[in-house]
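Chain residues, written in single-letter form:
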Amino acid sequence: QSPVGRRDVREDRLYELSLEWRPSPSAVVQAGRLVGGPFAAMGYTDGLLAQARAWRGLWVGAFAGRVVNLGSLQGEQGTRVGGLIRVVAESTRSGAEGEFLLGAVSEKGPGGAVSRDFLSLEASWHQGGRWYVTSRGEIDVHRGWRRTLTGKTYQVTNAAFAASWQVSQQVRVSANYDQRRNYLTWDTRPLPEDVFVRYFREGGRVALDWQGPASWRVTLATGLERPGAGAQATQSFYGAVSKGRVGRLPLAFGMEANVYRGGELAGWVANLRSSFHWANGNDIGLVFGRSVVSGLASWTKPHRQNSWARVFSDVKLAPGLYLRAELEKRVGDDSGGQQALADLVIRF
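Residues numbered from 1 in each chain as written. Predicted model: local features only at pLDDT ≥ 70, side-chain atom pairs only at ≥ 80, totals over all residues. Heavy atoms only, no water.

Q: Would you take a moment to explain the overall build of the chain for this structure?
A: Looking only at helices and strands, one finds two helices and 19 strands in the chain. For the chain, buried positions account for 29% of its 348 residues. Considering only intrachain contacts with a sequence separation of at least 6, the fraction spanning at least 24 residues in the chain is 37%. (Helix = DSSP H or I, 4+ residues; strand = E, 2+ residues; numbered from the N terminus. Buried < 20%, exposed > 50% of the residue type's maximum accessible area, 1.4 Å probe, protein only. Contact = heavy atoms within 4.5 Å.)

Here's what the structure looks like:
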């Protein structure tokens with residue numbers, strides 16, 4: 001018994017255990033915890049997944065199992081079944097490769113209650129490291145209480161797009177966009193609907209990355225993010241410059257800053273870092289950082305400032321065995337004091 005009269009709570013977790021069987025190069029069967037499965041929207045599922053190549057680059061598959069709730073040792077919250085069609089293509093002339101995936105998922109709560117039905121679409125196309133384009137989206141198909149609540153037959157709940165192009169040996173440009181919307185399921189249905197259903201966030205970013213001679217690198221980026229439908233967007237500007245080696249010394253340094261403005265706030269965050277590397281992957285480094293926020297009428301002070309200093313190091317103890325340590329000191333309006341972390345890392 002704990003001091004407050006309740007049973008002690010064990011925090012042990014076995015998050016993933018699965019078996020994979022490949023009877024041939026064109027077929028695969030997985031059993032156990034399917035972490036993400038063949039597409040991200042599938043989520044954590046305890047069950048069975050089978051995929052087979054039907055013709056050349058055409059694959060088909062199906063899965064079934066129980067929905068997993070990682071916050072509980074009991075874990076299961078209803079059932080999940082679905083299927084997928086995956087097409088893989090390549091161009092022998094240009095060397096480009098692409099993949100398209102269409103997945104259909106049906107989730108039910110205990111007793112067969114309506115939970116969530118949706119389609120997941122993923123597509124990507126790339127040519128080595130020169131350029132790539134990738135996108136994904138989820139379309140919810142509403143029925144039962146979900147259709148009554150939203151008043152819609154279908155709704156785009158998640159969408160994302162990213163593209164990158166290597167303009168030259170030194171310059172790469174990239175752009176991305178993502179949109180997320182909360183959706184109610186059997187598990188989250190008791191939450192306040194007027195707040196939960198209205199949640200919506202979207203944002204976009206463009207960046208320019210330059211890798212110059214003598215291990216110099218510069219990154220410039222700007223983005224917009226909207227925290228809700230009809231809300232004012234927050235605009236941000238990011239810049240970073242780094243050098244991987246100073247002369248013949250194994251000394252690296254870099255600095256980065258992010259400035260943002262929009263909605264009810266404006267501010268900036270900056271970091272200055274340096275590190276010294278020596279044989280066998282050992283290093284030691286130092287980071288200084290500072291942040292300033294202003295314009296928040298709900299806070300008692302017109303400005304909030306925070307600063308921090310961090311020392312970190314990786315030390316090789318044995319082949320494949322490293323000790324990673326970090327000591328940080330923070331001062332400011334939102335945080336203070338110090339903390340120390342230590343990790344034992346095994347590298348294969």
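So, next bit.
Q: Explain the pattern of salt bridges here, please?
A: Side-chain pairs of opposite charge can arise whenever the charged atoms involved come near each other. Summed over the entire model, instances satisfying the criterion amount to 19 salt bridges. Close ionic contact of glutamate 20 with arginine 22 constitutes a salt bridge, the shortest N to O distance being 2.9 Å. With a shortest N-O distance of 3.0 Å, arginine 217 and aspartate 209 are connected by a salt bridge. Classification of arginine 217 by relative accessible area gives partly exposed; the value is 38%. (Salt bridge = Lys/Arg side-chain N within 4 Å of Asp/Glu carboxyl O.)

Q: I tried to follow the nonpolar core on my own but got confused; where do I start?
A: Proteins that are soluble and globular tend to have nonpolar side chains buried together. In terms of nonpolar packing, the biggest core is built from ten residues, these being Leu34, Phe39, Ala41, Met42, Leu49, Phe63, Leu84, Leu101, Val105 and Phe118. Those residues in contact with leucine 101 that lie beyond four places of it in its chain are Pro38, Phe39, Leu84, Ile85, Arg86, Ser120, Leu121 and Glu122. (Core = buried A, V, L, I, M, F, W, Y, C linked by side-chain atoms within 4.5 Å.)

Q: Whenever I open this one, unusual backbone geometry confuses me. Can you help?
A: Negative phi is the rule for most residues except glycine; trans is the rule for most peptide bonds. One non-glycine residue, arginine 56, lies in positive phi territory at about 45°. By secondary structure assignment, the location of arginine 56 is in the loop between strand S3 (44-55) and strand S4 (58-68). In this structure, alanine 214 is a non-glycine residue whose phi angle is positive, near 60°. One can find alanine 214 in the loop between strand S11 (200-211) and strand S12 (216-226).

Q: Help me out: how do you make sense of the packing of aromatic side chains in this one?
A: Each aromatic ring pair is characterised by the separation of its centres together with the angle its planes make. Counted under the stated rule, the structure contains three aromatic pairs. Seen in terms of ring centroids, tryptophan 216 and phenylalanine 253 are 5.9 Å apart; in terms of plane orientation they differ by 85°. Their pairing is edge-to-face. Here the residue tryptophan 216 occupies a position in strand S12, and phenylalanine 253 occupies one in strand S14 (residues 251-262), the gap between them amounting to 37 residues. Since its relative accessible area comes to 32%, tryptophan 216 is described here as partly exposed. It is arginine 86 that lies over the ring of tryptophan 59; its NZ or CZ is 5.1 Å from the centre. Note that arginine 116 overlies the ring of tyrosine 183, its terminal NZ or CZ placed 3.6 Å from the centroid. (Phe/Tyr/Trp six-rings, centres within 6.5 Å; stacked < 30°, edge-to-face > 60°. Lys NZ or Arg CZ within 6 Å of the ring centre and 35° of its normal.)

Q: Any chance you could explain the pairing of strand S18 (residues 321-332) here in plain terms?
A: Regular strands have side chains that alternate between both faces of the sheet. Sheet topology note: the strand S17 (residues 303-318)/S18 ladder contains twelve bridges and is antiparallel. Of the residues in S18, the one forming a bridge with alanine 309 is lysine 329. Between S17 and S18, which pair antiparallel and follow one another directly, the connecting turn spans two residues, one of which, glycine 320, has a positive phi of 80°. In this antiparallel pair of consecutive strands, S18 and strand S19 (residues 337-346), the connection spans four residues. (Pairing = 2+ DSSP bridges.)

Q: I keep staring at the pairing of strand S10 (residues 171-181) and nothing clicks. Help me out?
A: Relative to S10, strand S9 (residues 154-166) runs antiparallel, the two being bridged by nine bridges. The residue bridging alanine 159 from the neighbouring strand is glutamine 179, located in S10. Taken together, S9 and the strand that follows it, S10, pair antiparallel across an intervening segment of four residues. Sheet analysis places S10 next to S11, joined by eleven bridges and oriented antiparallel. Note on S11: the bridge partner recorded for arginine 181 is phenylalanine 200.

Q: Before we go on, may I ask you to explain the side chain of glutamine 127 in this structure?
A: You can see glutamine 127 is positioned in strand S7 (residues 114-127). The buried category is assigned to glutamine 127, whose relative accessible area is 17%. Looking at glutamine 127, its side chain comes within polar contact range of the side chain of tryptophan 131, at 2.9 Å. When neighbours within four sequence positions are excluded, glutamine 127 is seen to be in contact with Ser94, Gly95 and Ala96. (Polar contact = N/O pair within 3.5 Å; in protein donor to acceptor, adjacent residues only side chain to side chain.)

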